[in-house]
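# Structural description and commentary
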Amino acid sequence: MMSSTFDTVANIISETCDIPREKITPDSHAIDDLGIDSLDFLDIAFAIDKAFGIKLPLEQWTAEVNDGKATTEQYFVLKNLCSRIDGLVAAKGAA
Amino acid sequence: MRIEYFQLIDRIVDLDLGGRTIRVDAQVPQQSTIFEGHFPGHPLMPGVLLIEAMAQTSGWLVIAATKFERMPFLAAVKEAKLRSFVVPGQLLSITAKLLHEGSGFAMTRASIAVAGKATCEAELTLRVMPFPDPRLRANMEEMAARIGFPMQALPHG
């Protein structure tokens, strides 16, 4: 499950931001390692939302980071992002 | 159209929240200082203002979809095409479709027709956030009333 989520996300990032696929690993930090800024991340969020049928709660995440309640690593290191996506997909299926 | 004030939309003709589409009219004025400079002897509605008109049309759709609780701001313009000149006095029929309503952003596809002919199109990204100032919201509500924004069409809840 996780690996296929990661593959989908990595392919989206590679295509959306023109980053070589081999540079994208589960430990990559989208902002710090891959240099993706908040505007480019909207294109990624759009593609992820569509691919998984979810709505990444970016506003909530941003507020939590700004308020010091969370770190960017919790949301933007790709393995963590993928696990959030899996959680959102599971929550949608359970609803 | 109050072109010097960047108030480009005259009237909301149709707002379909179920279909996530909007259509508006915008009348390009005959006279404006903008046309004196753009261009002398060959007045044209600037392409950036055509894109702005599509952004404002998309913005009214987002305001409707978010029940007038959020303000959209233009963040990205993609695949913009300006297919033919737009000149003073022409009536723009502008449509937008909401492609995606994300968390804090929206994606739309918008187009402009003049006399039934496809003239411009673009895909737009809007950042969507709470109104940063109550005066802005009050101003947008005044403008909404002026252009026939159907407050009664907003979903309740």
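An account of the accompanying structure is given in this report. (Residues numbered from 1 in each chain as written. Chains lettered and ligands numbered in written order. Predicted model: local features only at pLDDT ≥ 70, side-chain atom pairs only at ≥ 80, totals over all residues. Heavy atoms only, no water.)

What follows covers the pairing of strand β6 (residues 117-130) of chain B. Residue and element names in this part refer to chain B. Of the strand pairs in this sheet, strand β3 (residues 70-82) and β6 are connected by 10 bridges, and their pairing is antiparallel. Its bridge partner lying in β6, Leu82 is registered against Cys120. Sheet topology places strand β5 (residues 105-114) next to β6; 10 bridges connect them, and they run antiparallel. Within the sheet, the bridge partner assigned to Ile112 lies in β6 and is Cys120. Linkage of β5 to β6, two consecutive antiparallel strands, is achieved through a turn of 2 residues, within which Ala115 is found at a positive phi near 50°. (Pairing = 2+ DSSP bridges. Helix = DSSP H or I, 4+ residues; strand = E, 2+ residues; numbered from the N terminus.)

Listed by partner, the interface residues are 14 residues for chain B and 12 residues for chain A. Taken together, the two surfaces of chain B and chain A that pack against each other cover about 1100 Å², and 57% of this comes from carbon and sulfur. A salt bridge links Lys78(B) to Asp43(A); its shortest N-O distance comes to 2.4 Å. For the interface between chain B and chain A, the tally reads 7 residue pairs in polar contact (both at pLDDT 80 or more). Mapped onto the side of chain B that touches chain A, the elements with two or more residues apiece are β3, β4 (91-101), β5 and β6 of chain B. For the side of chain B that touches chain A, the residue count by class is 5 nonpolar, 5 polar and 4 charged. (Contact = heavy atoms within 4.5 Å. Buried area = accessible area lost by both parts, 1.4 Å probe. Salt bridge = Lys/Arg side-chain N within 4 Å of Asp/Glu carboxyl O. Polar contact = N/O pair within 3.5 Å; in protein donor to acceptor, adjacent residues only side chain to side chain. Nonpolar A, V, L, I, M, F, W, Y, C, P; charged D, E, K, R; others polar.)

To continue, consider the sheet that holds strand β2 (residues 21-27) of chain B. Spatially, 6 strands are ordered β1-β2-β4-β5-β6-β3 (chain B) in an open sheet, and the strand pairing comes out antiparallel. Looking at the sheet topology across the chains shown, the edges are occupied by β1 (11-16) and β3 of chain B. The sheet shows a mean angle of 25° between the axes of neighbouring strands, direction not considered. Across 9 bridges, the pairing between β4(B) and β5(B) is antiparallel. Residue Glu101(B) lies in a different strand from β5(B), and its bridge partner there is Ala106(B). Running over the sheet, helix α2 (residues 38-52) of chain A touches β3, β4, β5 and β6 of chain B and is turned about 90° from β5(B). (Axes fitted to C-alpha atoms, helices over the stretch in contact; angles between N-to-C directions.)

Residues and elements named next belong to chain A. Applying the stated criterion across every chain, the model contains 6 aromatic pairs over all chains. Judged by centre distance (5.1 Å) and plane angle (85°), the rings of Phe41 and Phe76 are edge-to-face. Of the two residues, Phe41 sits in helix α2 while Phe76 sits in helix α4 (residues 72-76), which places them 35 residues apart along the sequence. Taking 4.6 Å as the distance between ring centres and 5° as the angle between the ring planes, the aromatic pair formed by Trp61 and Tyr75 counts as stacked. (Phe/Tyr/Trp six-rings, centres within 6.5 Å; stacked < 30°, edge-to-face > 60°.)

The subject of this paragraph is the nonpolar core. When a protein is soluble and globular, its nonpolar side chains tend to lie buried together. Ranked by internal contacts, the top residues of the largest apolar core, which has 46 residues, are Met54(B), Trp60(B), Phe68(B), Leu92(B), Ile94(B) and Phe149(B). Broken down by secondary-structure element, the contributors of at least two residues to this core are β1, β2, α2 (47-65), β4, β5, β6 and α3 (134-146) of chain B. The element best represented in this core is α2(B), accounting for 11 residues. Excluding anything up to four places from it in sequence, Met54(B) contacts Ile94(B), Ala110(B), Ser111(B), Ile112(B), Cys120(B), Glu121(B), Ala122(B) and Leu124(B). Core analysis: the next-biggest nonpolar cluster, separate from the first, contains 31 residues, Phe41(A), Ala45(A), Phe46(A) and Leu56(A) among them. (Core = buried A, V, L, I, M, F, W, Y, C linked by side-chain atoms within 4.5 Å. Buried < 20%, exposed > 50% of the residue type's maximum accessible area, 1.4 Å probe, protein only.)

With that out of the way, let us pick up the pattern of salt bridges. Counted according to the given criterion, the structure contains 10 salt bridges over all chains. Salt bridges sharing partners connect three or more residues here, namely Glu69(B), Arg137(B) and Glu141(B).

All right, on to the environment of Asp16(B) then. Inspection of the secondary structure puts Asp16(B) in strand β1. Taking the C-alpha atoms as reference, Asp16(B) lies 9.8 Å from Ala65(B); in sequence the two are 49 residues apart.

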